[in-house]
Amino acid sequence: MGVSNYFSDCYEAARAKFREAARAAGATVETHANPSRGPEGEVRDWLALPTANGDADLTTDVIWIGPRDAERLLLTVSGTHGAEGFCGSGIQVGWLESGLYRELPRGTAMLMVHALNPHGFAWLRRVNEGNVDLNRNFIDHTGSYPVNEGYETLRDAICPAEWTAESLAAARERLDAYGQTHGAMALQSAISTGQYSDPQGVFYGGTAPTWSNRTLDSVLRRHAGHARHVAYIDLHTGLGPRGYGEIISNHPAGSGGHARVVEWYGDEATNGDDGTSSSAAVMGDTTVGVERALPAATVAGITLEYGTVPLDEVLTAVRADNWVHLHGDLAAPLGRELKTRMRRAFYADADDWKAMVWERAVDVHRRALRGLTEL
Ligand SMILES: [Zn+2]
């Protein structure tokens, strides 16, 4: 199977490919059914999803490769941000199809979580079934939430009630003015750092652990509670230069976790906290959940973030997706157009892009395995 064929055109095809590759590699697939539903009827047809197959049509699939009692673990997750799963699924399928899974060093195992947010993957959304950004949901929900003042200021411009040339021009003016006054990263941060005040808005972190959050937690506790050292790679798309995979440390700058990431991946490891990353600092990401579920382990968690289209197009696609699900009609021409843009923002369906993604993924996985081995 060539590299391009590791990747799939839709969630269901990706799931089928992953399951098949997992079985061929001798792994048992553990399936977790998401309680929400995938698209149906006309919308399903034009999203190019194959025929519906009943109630449990959205699942997170999990496999374990290597010794059950391994103390060193490589953990990869795809589809934390639903629609970004095209890329992450391709990497996981490739790792199995290519036979690279046989490279696992002695005493090391691998845990793959496929489509952590299957709803978003199937519906071409970053968010889950409750409009929650899973990568902002692993925050401590018992305390008070951080306030994103930029988001509060720009809320109506970030998520306009109408999606017309006039409303977009007015919103653009406000966003640009904010960017000019406070800087481009402050604007990006206002939109994407995360917010806990607007359940219908973008980059919303929720009020409780979501289904995907709880699923990841239980999978980790059951399978990996004995692990002492964990290399975690969360597979994402949408930021940075096209086809380039940025290694973003998921640990606070100055922490032991960040130092481990730098030791393993070198100076090219970036951090949203100190302005070295194409990403704004985020709150409540999945690595927080990994560390919480595996208190006995040291964790080196990264986001492997692949560029697709320019940042402005990505953020506009996310805002448009929010609008179309809240106010628009998915089956109408505008709805279709906006969903097409959404897909393009998170998946560059081109052979050269897939080749770059794959080559980088192999290198980063190998560095992670080396880091685990040298401990
Ligand atoms: Zn992402």
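Just above, that's the structure.
Every residue gets a number counted from 1 within its own chain, in the order that chain's sequence is written. For this predicted model, a pLDDT threshold of at least 70 governs which residues receive local features, and a threshold of 80 or more governs which side-chain atom pairs are given and counted, while totals over whole chains, interfaces and linings are taken from all residues. Values shown for side chains rest on all heavy atoms present in the structure; no hydrogens or waters enter the calculation.

Trainee: Describe the packing of helix H5 (residues 149-158) against helix H7 (residues 184-192), with residues and values.
Mentor: Helices that pack against each other are described as a pair by the angle of their axes relative to one another and the distance between those axes. Each axis is a line fitted through C-alpha atoms, taken for helices only over the stretch in contact, and angles between the N-to-C directions span 0 to 180 degrees. Helical segments are the DSSP runs of H or I of at least four residues, strand segments are the runs of E of at least two, and each set is numbered from the N terminus. Contact geometry for H5 and H7: axes closest at 9 Å, N-to-C directions at 75 degrees. Between H5 and H7, the angle falls in the class roughly perpendicular. Across the interface between the two elements, Gly 150, Tyr 151, Leu 154 and Ile 158 from H5 touch Leu 187, Ala 190 and Ile 191 from H7. Ten residue types, Ala, Val, Leu, Ile, Met, Phe, Trp, Tyr, Cys and Pro, are classed as nonpolar, four, Asp, Glu, Lys and Arg, as charged, and the remainder, Gly among them, as polar. Residues belonging to the contact of H5 with H7 are distributed by class as follows: 6 nonpolar, 1 polar and no charged. Orientation categories follow fixed angle ranges, with anything under 35 degrees roughly parallel, anything over 145 roughly antiparallel, 65 to 115 roughly perpendicular, and all other angles oblique. A contact between two residues is defined here by any heavy atoms of the two lying within 4.5 Å.

Trainee: Summarise the nonpolar core; cite the residues concerned and give the values.
Mentor: In plain words, nonpolar cores are sets of buried Ala, Val, Leu, Ile, Met, Phe, Trp, Tyr and Cys residues tied together by side-chain atoms within 4.5 Å. Categorising residues by exposure relies on relative accessible area from a 1.4 Å probe, with only protein chains included: less than 20% of the type maximum marks a residue as buried, more than 50% marks it as exposed, and the intermediate range marks it as partly exposed. One finds Ile 63, Ile 65, Trp 95, Leu 96, Ile 233 and Tyr 265 to be the most contacted residues of the largest nonpolar core, which totals 60 residues. The dominant element in this core, judged by the number of residues it contributes, is helix H13 (residues 351-373), at 9 residues. With sequence-adjacent residues up to four places away left out, Trp 95 is seen in contact with Leu 100, Tyr 101, Met 110, Met 112, Trp 358, Val 362, His 365 and Leu 369. Judged by nonpolar contacts, the second largest core, of 24 residues, contains Ala 70, Phe 138, Val 230 and Ala 293.

Trainee: Please give an account of the side chain of Thr 316 that cites residues and values.
Mentor: Looking at the element boundaries, Thr 316 is found in helix H11 (residues 311-326). Note on Thr 316: relative accessible area 15%, which makes it buried. Setting aside residues up to four positions removed in sequence, Thr 316 forms contacts with Trp 163, Arg 172 and Arg 341.

Trainee: I'd like a description of the sheet that holds strand E5 (residues 229-242), backed by residues and values.
Mentor: Read from one edge to the other, the open sheet built from 8 strands follows the order E1-E2-E4-E3-E5-E8-E6-E7, with strand pairing classed as mixed. What marks the edges here is a single partner per strand, and that holds for strand E1 (30-33) and strand E7 (270-271). When DSSP finds two or more bridges between two strands, those strands count as paired. Both E1 and strand E2 (residues 59-65) contribute to a ladder of 4 bridges, which runs antiparallel. Within E2, the position partnered with His 32 by the bridge is Thr 60. Lying over the sheet, helix H1 (residues 11-24) contacts E1, E2 and strand E4 (108-114), oriented at roughly 20 degrees with respect to E2. Relative to the sheet, H13 contacts strand E3 (72-78), E4, E5, strand E6 (245-249) and strand E8 (298-307), its axis offset from that of E5 by approximately 155 degrees.

By themselves, these are just geometric observations and shouldn't be taken as functional.
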